[in-house]
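# Structure at a glance
Okay, here's what each chain looks like letter by letter:
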Amino acid sequence: MKELKYYIEQFSRLRRAPGAVWTEATKRQAPHKPILLLAVLDLISRNVITSSFLDIQGDLNELNELFTMYWRRVVPLSQKSSIAFPFSRLHNEPFWRLVPIEGKEITPAEINNIGTVSQLRTLAIGAMIDDDLFYHMSNPDGRHALRQILINAHFSLQAGAAISEQAQINMEAYKYSEKLEKAAHTPIVQDMISDVTYREAVRDQGFRRAVVGAYDHRCALCGVRIITTEGHTIVDAAHIQPWSVSHNDDIRNGMALCKMCHWAFDKGVMGVTDDFSIVTSSQMTQNPNIPGSLVTLSGREIIPPADKDMWPAKDYLHWHRNNVLIEANR
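Residues numbered from 1 in each chain as written. Predicted model: local features only at pLDDT ≥ 70, side-chain atom pairs only at ≥ 80, totals over all residues. Heavy atoms only, no water.

This part is about the overall build of the protein. A count of helices and strands for the protein gives 13 helices and seven strands. When the backbone C-alpha atoms are referred to their principal axes, the protein occupies close to 70 × 40 × 40 Å. In the protein, which comprises 330 residues, the share counted as buried stands at 49%. Sequence separation of 24 or more characterises 72% of the internal contacts of the protein that already satisfy a separation of 6 or more. Carbon and sulfur atoms provide 52% of the accessible area of the protein, an area that totals close to 15,800 Å². (Helix = DSSP H or I, 4+ residues; strand = E, 2+ residues; numbered from the N terminus. Buried < 20%, exposed > 50% of the residue type's maximum accessible area, 1.4 Å probe, protein only. Contact = heavy atoms within 4.5 Å. Areas by Shrake-Rupley, 256 points an atom, 1.4 Å probe, with all protein chains shown as cover.)

In structure tokens, the structure reads:
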């Protein structure tokens, strides 16, 4: 078995492209590879990745979200990236090997042309990391050592501190989402999830993970479900009774809503009855409004989570109708 120090050395000297676009935060080199590896470490700690094979054909939402959170801490907002870029270029490191689709051969030229997950999926089913590396990544002490070398070797002190903080937020948010999922199987208590000691970033990420997961990325009102090949989802995690009022992140005080339905729900243009039917405001059809397909949702039942314990609670829906919904159509 290769020792941990071997992989620490490999992680410390990742091949990263230099360029004027990169700042001192990333030591004037591309940060894609270390950021992806940090996200992979997070998913191993959550038991989402449970083997040395990383599937690129499956659901990449959680990997993409973690990658993006780290990316935003050290890279200007104007600069975007796809996880396909580091996922493919890590093939050039001795511990990572792309696994081609049967009958395909992955050449260096093809790797250099990969910029999106769609392009990557035409060539590979995923990647294999060394079994020995996976063993060390699965061990808490090994995982900590590998995380620290990624941060120290590839980021400035200030950026490294931001990355470390994000790693802590990710861990706390995951534990918070598990707490929310467990609490959803207990009787409703208004102040059940009201621990304001959690940081806002932790609560937001944890609530989003719990609610969006419960609804399987589908809007509860219009039913739209879109996850891009890059792992981006169309839905938000919306509070029924706002956090500012309730201080309550109970999953049953939330719904997964697309951007349009989220706005309409928050503005009181749409609501949900106690029998889980959609109700719309009379203001939706007033001149000069053109509500399009939204008006056709009136009277339809919502699309709830598969787990009935996580359906929206009637107390919260009742509060929303009485305090937010404007002049409901009858």
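All right, on to the packing of helix 7 (residues 131–138) against helix 8 (residues 140–154) then. Between helix 7 and helix 8, the shortest axis-to-axis distance is 5 Å and the interhelical angle comes to 100°. As far as their axial angle goes, helix 8 and helix 7 are roughly perpendicular. Of helix 8, the residues touching helix 7 (which contributes Leu-133, His-136, Met-137 and Ser-138) are Pro-140, Gly-142, Arg-143 and Leu-146. Taken together, the residues that form the contact of helix 7 with helix 8 break down as four nonpolar, three polar and one charged. (Axes fitted to C-alpha atoms, helices over the stretch in contact; angles between N-to-C directions. Parallel < 35°, antiparallel > 145°, perpendicular 65-115°, else oblique. Nonpolar A, V, L, I, M, F, W, Y, C, P; charged D, E, K, R; others polar.)

This part is about unusual backbone geometry. One non-glycine residue, Asn-47, lies in the positive phi region at around 65°. Unusually for a residue other than glycine, Phe-276 sits at a positive phi of about 65°.

This part covers the environment of Phe-11. Among the structural elements, Phe-11 can be located in helix 1 (residues 4–12). Overall, the relative accessible area of 0% leaves Phe-11 in the buried class. Along the chain, Phe-11 and Leu-66 lie 55 residues apart, while their C-alpha atoms are 19 Å from each other. Leave out the neighbours within four places in its chain, and Phe-11 touches Leu-37, Phe-95, Leu-133, Leu-146, Ile-149, Leu-150 and His-154.

Contact geometry for helix 9 (residues 157–183) and helix 10 (residues 200–214): axes closest at 7 Å, N-to-C directions at 50°. When the axis of helix 9 is compared with that of helix 10, the two are oblique. When you trace helix 9 past helix 10, the crossing you get is right-handed. For the pair helix 9 and helix 10, the contacting residues are Gln-166, Ile-169, Asn-170, Glu-172, Ala-173, Tyr-174, Tyr-176, Ser-177, Leu-180 and Glu-181 in the first and Ala-201, Val-202, Arg-203, Gln-205, Gly-206, Phe-207, Arg-209 and Ala-210 in the second. A per-class count over the contact of helix 9 with helix 10 returns nine nonpolar, five polar and four charged. (Left-handed = near helix turned anticlockwise from the far one by under 90°.)

Take the sheet that holds strand 3 (residues 124–129) next. What the three strands build is an open sheet, ordered 1-3-2; its pairing is antiparallel. The sheet terminates laterally at strand 1 (53–55) and strand 2 (96–100), the two strands that pair on one side only. Within this sheet the neighbouring strands show an average axis-to-axis angle of 30°, counted without direction. Alignment of strand 1 against strand 3, held across three bridges, turns out to be antiparallel. Residue pairing across strands places Asp-55 opposite Gly-126, the latter belonging to strand 3. (Pairing = 2+ DSSP bridges.)

The next thing to look at is the environment of His-232. Mapped onto the secondary structure, His-232 falls in the loop between helix 10 and strand 4 (235–239). If we ignore the near neighbours within four places in the chain, the residues touching His-232 are Asn-61, Asn-64, Ile-226 and Ile-227.

Along helix 12 (residues 259–266), the positions that sit buried rather than exposed are Cys-261, His-262, Ala-264 and Phe-265. Down the axis of helix 12, the buried side of the element spans an arc of 165°, and every buried residue falls inside it. Those residues of helix 12 that are buried are in contact with strand 4, strand 5 (254–258), strand 6 (270–272) and helix 13 (314–323). (Arc of directions from axis to C-beta.)

What follows deals with the packing of aromatic side chains. Going through the model one piece at a time under the given rule, you end up with seven aromatic pairs. Between Phe-11 and Phe-95, the aromatic rings sit 5.2 Å apart at their centres with planes inclined by 50°, giving tilted as the arrangement. With Phe-11 in helix 1 and Phe-95 in the loop between helix 4 (84–89) and strand 2, the pair connects residues that are 84 residues apart, well separated along the chain. Comparing Phe-11 with Phe-95, the two get one shared label, buried. (Phe/Tyr/Trp six-rings, centres within 6.5 Å; stacked < 30°, edge-to-face > 60°.)

Take empty space enclosed by the protein next. It is a probe the size of a water molecule, rolled over the atoms, that shows where empty space is left. Per the counting criterion, the structure on display carries one cavity of 30 Å³ or more. Size it by volume and the largest cavity reaches roughly 30 Å³. Every residue along the wall of the largest cavity is listed here: Val-21, Trp-22, Thr-23, Thr-26, Val-74, Val-75, Pro-76 and Gln-79. Of the residues belonging to the lining of the largest cavity, the class tally is five nonpolar, three polar and no charged. (1 Å grid on protein atoms, 1.4 Å probe; cavity = no way out; pocket = protein on both sides within 12 Å on 5 of 7 lines; lining within 4 Å. Points joined across faces, edges and corners; volume = space filled by probe spheres on them.)

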